[in-house]
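Here's the letter readout for the chains.
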Amino acid sequence: MAQDNIVWHSHVLDRAQRESANGHPARVIWFTGLSGSGKSTLAGALEQALFAQGIKTYLLDGDNVRHGLCRDLGFSEIDRQENIRRVGEVAKLMVDAGLVVLTAFISPHRAERQKIRELMEEGRFIEVYVDTPLAVCEARDPKGLYKKARAGELRNFTGIDAAYEAPEQPEVYLDGSQSVESSIEKLLFVLKSDNILPT
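Along every chain, residues carry numbers that run from 1 in the direction the sequence is written. For a predicted model such as this one, the threshold for reporting local features is a pLDDT of at least 70, and the threshold for listing and counting side-chain atom pairs is 80 or more; totals across whole chains, interfaces and linings nevertheless cover every residue. Each side-chain value is derived from all of the structure's non-hydrogen atoms; neither hydrogens nor water enter the calculation.

Participant: In this structure, what is going on with the sheet that holds strand β2 (residues 57-61)? I would like to understand it.
Facilitator: Strands belonging to one sheet form pairs held by backbone hydrogen bonds; the direction of such a pair is parallel or antiparallel. When DSSP finds two or more bridges between a pair of strands, those strands are recorded as paired. We count a stretch as a helix when DSSP gives it H or I for four or more residues in a row; a strand needs E for two or more, and each element gets its number in order from the N terminus. With parallel pairing, the five strands of this open sheet are ordered in space as β2-β3-β1-β4-β5. At either end of the open sheet lies a strand with only one pairing partner, and these are β2 and β5 (172-175). Taking each pair of neighbouring strands and ignoring which way they run, the sheet shows an average axis angle of 15 degrees. As paired strands, strand β4 (residues 125-131) and β5 are joined by four bridges and run parallel to one another. Interaxial angle, 0 to 180 degrees, is taken between N-to-C directions of lines fitted to C-alpha atoms, where a helix line uses only the stretch in contact.

Structural data, given as structure tokens:
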């Protein structure tokens, strides 16, 4: 097998040195929730807040990833799982680079999110559940996807004809009906407690 000829190469510079140079620990902040829940909006606002305080960040967004890294994937169950797997592996590399990585993906299954968590060292993965009622998400419908799903034009759409498994014990729970400002305030408080931000 080809995998038998692949050996992990350890570099002289390691994550601890990169974290020291950056002045903060590396983390993955994984936003999950229904389409239209506000994941991308909150992840973007949090990245701006972190960047303003000198934190080295990168935001991985679902649609953006599908323009390049995952453009060969469709929306079948298998392809969606592979999409999340690839994002998890990229996030792991970015953590090794010493960054605070923010992701905004529906990532509907607990088992998939758990696999990403297990890629990281203990305490490196922060799951943020944006809990927004389906009716609110559907009313927002920023991409018109719920309308297409209701019309039968879009199959296996999470929340309509495909299940979403809410996190049972996320590190951060956000009520999606709250303002962006209050949600960011809560997130920043958690990150200060985690020593990512100065207290």
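So, next bit.
Participant: Any chance you could explain the layout of surface pockets here in plain terms?
Facilitator: Gaps left between atoms are located by rolling a probe of water-molecule size over the structure's atoms. Every definition here rests on a 1 Å grid over the protein atoms only: cavities are sets of points where a 1.4 Å probe fits but cannot get out, pockets are open sets enclosed by protein on both sides within 12 Å along at least five of seven lines, and lining residues have some atom within 4 Å of a point. Grid points are joined across faces, edges and corners, and a volume is the space filled by probe spheres set on the points. Taken as a whole, the largest pocket holds about 810 Å³ of empty space. Along the walls of the largest pocket sit 31 residues, with Ser35, Asp63, Ile106, Lys143 and Leu145 positioned nearest its centre. The element contributing the most residues to the lining of the largest pocket is helix α4 (residues 77-96), with four residues. Taken together, the residues of the lining of the largest pocket sort by class into ten nonpolar, eleven polar and ten charged. Throughout, the ten residues Ala, Val, Leu, Ile, Met, Phe, Trp, Tyr, Cys and Pro are labelled nonpolar, Asp, Glu, Lys and Arg are labelled charged, and all others, Gly among them, are labelled polar.

Participant: Would you mind showing me how to read the packing of α4 against helix α5 (residues 110-119) here?
Facilitator: Helix-helix packing is characterised by the crossing angle of the two axes and by the distance between the axes. Axis separation between α4 and α5 bottoms out at 10 Å; the angle between their running directions is 20 degrees. Considering the angle they form, α4 stands roughly parallel to α5. Seen along the crossing, α4 lies across α5 with a hand that is right-handed. Every residue of α5 that contacts α4 at Glu77, Gln81, Ile84, Arg85, Gly88, Glu89 and Lys92 is listed here: Glu112, Ile116 and Leu119. Note that the term roughly parallel is reserved for angles under 35 degrees, roughly antiparallel for angles over 145, roughly perpendicular for angles of 65 to 115, and oblique for everything else. In this scheme the crossing of two helices becomes right-handed for a clockwise turn of the near helix relative to the far one and left-handed for an anticlockwise turn of less than a right angle. By the convention used here, residues are in contact when the closest approach between their heavy atoms is within 4.5 Å.

Participant: I'm lost on the pattern of salt bridges in this one. Help?
Facilitator: Two side chains bearing opposite charge may form a pair once their charged atoms approach each other closely. A side-chain nitrogen of Lys or Arg and a carboxyl oxygen of Asp or Glu constitute a salt bridge if their distance falls within 4 Å. Under the definition given, this model contains 13 salt bridges. Here Asp194 and Arg27 are joined by a salt bridge, their closest N and O atoms 2.7 Å apart. Separated by 167 residues along the polypeptide, Asp194 in the segment after α8 (180-193) and Arg27 in strand β1 (residues 27-32) bring together distant segments of the chain. Judged by its relative accessible area of 23%, Asp194 is partly exposed. For the salt bridge of Glu138 with Arg150, the shortest nitrogen-to-oxygen distance reads 2.8 Å. Here Glu138, found in helix α6 (residues 134-140), pairs with Arg150, found in helix α7 (residues 145-150); they are twelve residues apart in sequence, far enough to count as distant. Members of the salt-bridge network, linked through shared partners, are Arg15, Glu19, Glu121 and Arg124. For each residue, the accessible area found with a 1.4 Å probe, counting protein chains only, is set against the maximum for its type, and the residue is called buried under 20%, exposed over 50%, and partly exposed in between.

Participant: How should I be thinking about the side chain of Glu112 in this particular structure?
Facilitator: Within the secondary structure, Glu112 is located in helix α5. One buried charge, Glu112, has no salt-bridge partner; the nearest side chain with opposite charge is Arg113, at 7.1 Å. Setting aside residues no more than four positions away along its own chain, Glu112 makes contact with Glu77, Gln81 and Ile84. Charge convention: Lys and Arg are scored as positive, Asp and Glu as negative, and His as well as the terminal groups of each chain are ignored.

Participant: What am I meant to see in the environment of His24 here?
Facilitator: Among the structural elements, His24 can be located in the loop between α1 (15-22) and β1. Residue His24 is classed as buried on the basis of its relative accessible area, which comes to 3%. Along the chain, His24 and Ile55 lie 31 residues apart, while their C-alpha atoms are 7.1 Å from each other. Once residues within four sequence positions are removed from consideration, His24 is found in contact with Glu19, Gly54, Ile55, Lys56, Gly98, Val100 and Ile196. Polar contacts, as used here, are pairs of N or O atoms within 3.5 Å; protein pairs need one atom able to donate a hydrogen and one able to accept it. Residues neighboring in sequence count only if both atoms are side-chain atoms. In this structure the side chain of His24 is engaged in a polar contact, spanning 3.0 Å, whose partner is the backbone nitrogen of Lys56.

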